[in-house]
Amino acid sequence: MTFKAIRSDLDAILKRDPAARSAVEVVLCYPGFHAVMLHRIAHAGWRNGFKLFGRLVSVFGRFLTGIEIHPGATIGQRFFIDHGMGVVIGETAEIGDDVTLYQGVTLGGTTLDHGKRHPTLADGVIVGAGAKILGPFTVGKGARVGSNAVVLEAVPEGATVVGIPARVVNRPKNDDFCAYGATGDVTDPVARAIERMEADMGALRARISELEGRVAAQRDELDTRAGDFAALHTRGDAN
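About the criteria used
Residues numbered from 1 in each chain as written. Predicted model: local features only at pLDDT ≥ 70, side-chain atom pairs only at ≥ 80, totals over all residues. Heavy atoms only, no water. Pairing = 2+ DSSP bridges. Helix = DSSP H or I, 4+ residues; strand = E, 2+ residues; numbered from the N terminus. Salt bridge = Lys/Arg side-chain N within 4 Å of Asp/Glu carboxyl O. Buried < 20%, exposed > 50% of the residue type's maximum accessible area, 1.4 Å probe, protein only. Core = buried A, V, L, I, M, F, W, Y, C linked by side-chain atoms within 4.5 Å. Patch = residues over 30% accessible without salt bridge, like charges linked within 9 Å, V, L, I, M, F, W, Y side chains within 5 Å. Areas by Shrake-Rupley, 256 points an atom, 1.4 Å probe, with all protein chains shown as cover.

S.K.: Describe the sheet that holds strand E8 (residues 120-121), with residues and values.
M.R.: Taken together, 4 strands build an open sheet; the order of strands is E2-E5-E8-E11 and the sheet is parallel. Across the chains shown, the open sheet's two edge strands, defined by having one partner strand only, are strand E2 (74-75) and strand E11 (138-139).

Here is the structure:
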């Protein structure tokens with residue numbers, strides 16, 4: 001871990017968090033920064049065979065920051081955990097450069113296999129608060145995961161996913177940073193489905209009303225014809 005790498009992490013936080021006023025404030029007050037720095041130490045020990053040392057540093061980081069990062073996880077440059085409390089990153093998770101996570105995010109595994117079981121986040125991914133990404137798949141470059149989403153399958157590059165389970169709702173038109181993974185024009189796919197159902201129901205109601213009108217008109221016509229026939233029959237009997 002070089003000074004240049006630390007400087008790039010600090011610059012990334014200052015760029016993405018308008019509440020950060022100076023590098024000194026970040027160094028002293030940002031648990032996300034502390035967690036990443038401690039992880040880089042723990043990961044170096046883990047990679048060089050000092051696994052117990054790595055776990056001890058990881059546990060200390062969790063105690064200090066409320067952020068749990070397994071020392072085996074691989075993390076790229078300019079990684080930012082904003083607020084951070086409750087973040088969990090599993091052993092085989094892989095995180096690219098310029099990735100941002102918010103509080104309560106879990107990068108978890110769904111099997112007991114000893115191999116790859118945690119997700120891979122490509123460069124520039126943003127994961128909103130409370131999101132859960134579970135399984136050994138890839139979240140594509142520049143993708144956004146909405147707050148509280150539960151992602152159970154691969155996410156295409158540049159896509160935005162929301163919901164439980166998460167579904168693709170749109171693809172950003174630019175690479176601007178989106179806090180909490182919210183692009184500003186995201187519509188819940190469940191809400192869209194309900195809106196379509198309501199539109200279909202409205203069309204069905206209109207069609208039913210139209211058919212009822214036709215039936216009523218035909219009934220009136222039949223009643224008129226029946227009346228005319230009865231009148232003719234009465235006249236015939238009189239003659």
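Text resumes after the structure shown.
S.K.: How would you sum up the pattern of salt bridges? Please name residues and give values.
M.R.: As enumerated under the stated definition, the model contains 9 salt bridges in all. The residue arginine 117 makes a salt bridge to glutamate 91 at a minimum N-O spacing of 2.7 Å. With arginine 117 in the loop between strand E7 (106-108) and E8 and glutamate 91 in the loop between strand E4 (88-89) and strand E5 (94-95), this residue pair connects regions lying 26 residues apart in the sequence. The class for glutamate 91 is partly exposed, based on a relative accessible area of 25%. A salt bridge links arginine 214 to glutamate 210, with the shortest nitrogen-to-oxygen separation between them at 3.0 Å. With arginine 214 and glutamate 210 both in helix H5 (residues 189-238) and 4 residues apart, the pair spans about one turn of that helix. Owing to a relative accessible area of 46%, arginine 214 belongs among the partly exposed residues under this scheme. Classification of glutamate 210 as partly exposed rests on a relative accessible area of 37%. The network of salt bridges with shared partners includes Arg16, Arg78 and Asp98.

S.K.: Summarise the nonpolar core; cite the residues concerned and give the values.
M.R.: For soluble globular proteins, the rule of thumb is that nonpolar side chains tend to be buried together. If you look at the biggest cluster of nonpolar residues, it comprises 40 residues, and the most contacted ones within it are Ile89 and Leu101. Among the elements that line this core, the one with the most residues is helix H3 (residues 31-47), at 4 residues.

S.K.: I'd like to hear about a nonpolar patch on the surface, residue by residue, with values.
M.R.: A contiguous nonpolar surface patch, about 280 Å² in accessible area, is contributed by Val24, Val27 and Leu28. Assignment of secondary structure puts valine 27 in helix H2 (residues 23-29).

S.K.: Quick one: what's the story with unusual backbone geometry, residue by residue and with numbers?
M.R.: The linkage connecting isoleucine 164 with the following residue, proline 165, adopts the cis geometry, with an omega of -10 degrees. Mapped onto the secondary structure, proline 165 falls in the loop between strand E14 (160-162) and strand E15 (167-170). For aspartate 98, which is not glycine, the phi dihedral falls at a positive 60 degrees. Structurally, aspartate 98 can be placed in the loop between E5 and strand E6 (100-101). The exposure class assigned to aspartate 98 is partly exposed, which follows from its relative accessible area of 31%.

S.K.: Any details on the sheet that holds strand E3 (residues 80-81)? Residues and values, ideally.
M.R.: Read across the open sheet, the 6 strands follow the order E3-E6-E9-E12-E14-E15; overall the sheet is mixed. Two strands bound the open sheet, and with one partner strand each, they are E3 and E15. Relative to E14, strand E12 (residues 144-145) is paired through 2 bridges, and the arrangement is parallel. Paired with arginine 144 across the strands is threonine 160, a residue of E14.

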